[in-house]
Amino acid sequence: MRAEQPGHQHEWLDGAAGPVVRPYTLTGGRVRPAVGGFDLVAFVLAAAGVDPYGQPGLQPEHRRLVECARQPVAVVDLAADLDLALGVVQVLLGDLLARGLVTVHEPPAAAGLPDDDILKAVVSGLRAL
């Protein structure tokens, strides 16, 4: 076995690789949120006056989610902004929601969507072009 020199990286890592952490390590192996399920376009908002750094038991990713949610932000945007898998963000948001550190505002129900017949007519019209 070759001894690594101080400051030497593995040959399969470079400066652009960043930290190599499996998503399940961030969620403790959980794949579903403890509280609720989150629509991708649901808006998340941090609870007023919450200091994520004063909360025991939070991981750095939890704290980053709270900081990013100071203004309303969609679940999918949080995942993109923090460069985390969507499933990981949903599980971590479930933890924060259970502790009352964030609120989640779901989009309106699908009642306002167009009728299937209208959609079929649009598709037929597009195909005719």
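What you are looking at is a predicted structure, and each value in this text was computed from that prediction instead of being measured. (Residues numbered from 1 in each chain as written. Predicted model: local features only at pLDDT ≥ 70, side-chain atom pairs only at ≥ 80, totals over all residues. Heavy atoms only, no water.)

The next thing to look at is the overall build of the chain. Across its full length, the chain carries five helices and three strands. Along the chain, helices and strands appear, N-terminal first, in the series α-β-α-β-α-α-β-α. Sequence-distant contacts, at least 24 apart, represent 71% of the contacts inside the chain between residues at least 6 apart. Carbon together with sulfur atoms contributes 59% to the accessible area of the chain, which is approximately 8800 Å² in total. (Helix = DSSP H or I, 4+ residues; strand = E, 2+ residues; numbered from the N terminus. Contact = heavy atoms within 4.5 Å. Areas by Shrake-Rupley, 256 points an atom, 1.4 Å probe, with all protein chains shown as cover.)

Bringing the pattern of salt bridges into the picture now. Two side chains of opposite charge can pair, provided their charged atoms sit close to one another. One pass over the full model with this rule turns up one salt bridge. Between R70 and E67 there is a salt bridge; the shortest N-O distance is 3.4 Å. The exposure class of R70 is partly exposed, given its relative accessible area of 33%. Note on E67: relative accessible area 34%, which makes it partly exposed. (Salt bridge = Lys/Arg side-chain N within 4 Å of Asp/Glu carboxyl O. Buried < 20%, exposed > 50% of the residue type's maximum accessible area, 1.4 Å probe, protein only.)

As a further point, take the sheet that holds strand β2 (residues 73-74). Within the open sheet, the three strands sit side by side as β2-β1-β3. Their pairing is antiparallel. At either end of the open sheet lies a strand with only one pairing partner, and these are β2 and β3 (102-105). Bridging between strand β1 (residues 43-46) and β2 involves two bridges; their strand directions are antiparallel. Residue pairing across strands places V44 opposite V73, the latter belonging to β2. (Pairing = 2+ DSSP bridges.)

To continue, consider the nonpolar core. In terms of nonpolar packing, the biggest core is built from 23 residues, with V44, L65, V75, L78, V89, L93 and L96 touching the most fellow members. When residues of this core are traced back to their parent elements, those giving at least two are β1, α2 (60-68), α3 (75-82) and α4 (86-98). With five residues, α4 is the largest single contributor of residues to this core. Beyond its immediate sequence surroundings of up to four residues, V44 is in contact with A69, Q71, P72, V73, V75, L78, L93, V102, T103 and V104. (Core = buried A, V, L, I, M, F, W, Y, C linked by side-chain atoms within 4.5 Å.)

This brings us to the environment of Y53. Looking at where Y53 falls in the secondary structure, it is placed in the loop between β1 and α2. Given a relative accessible area of 55%, Y53 falls into the exposed group. In sequence terms Y53 and V66 are 13 residues apart; their C-alpha atoms lie 9.8 Å from each other. The contact partners of Y53, leaving out residues within four places of it in the chain, are R63 and E67.

Looking now at unusual backbone geometry. The residue D83 is not glycine, and still its phi comes out positive at about 55°. Accessibility expressed as a relative area gives 68% for D83, which makes it exposed.

Let us now look at α4. The end-to-end C-alpha separation of α4 is 18 Å, in line with the 18 Å expected for 13 residues at 1.5 Å each. Listed in full, the buried residues belonging to α4 are V88, V89, Q90, V91, L92, L93, G94, D95 and L96. Immediately downstream of α4, the backbone of G100 shows phi near 75°, a positive value. (Expected span 1.5 Å × (residues − 1).)

A separate point is the packing of α2 against α4. Taken N-terminus to C-terminus, the directions of α2 and α4 make an angle of 80°; their axes are 10 Å apart at the nearest point. As judged from the angle between their axes, α2 and α4 are roughly perpendicular. Packed against α2, whose contacting residues are E61, H62, L65 and V66, the element α4 presents V89, L92, L93, D95 and L96 at the interface. Residue classes in the contact of α2 with α4 are distributed as six nonpolar, one polar and two charged. (Axes fitted to C-alpha atoms, helices over the stretch in contact; angles between N-to-C directions. Parallel < 35°, antiparallel > 145°, perpendicular 65-115°, else oblique. Nonpolar A, V, L, I, M, F, W, Y, C, P; charged D, E, K, R; others polar.)

Take it as geometry only, folks, not as evidence of what the structure does.
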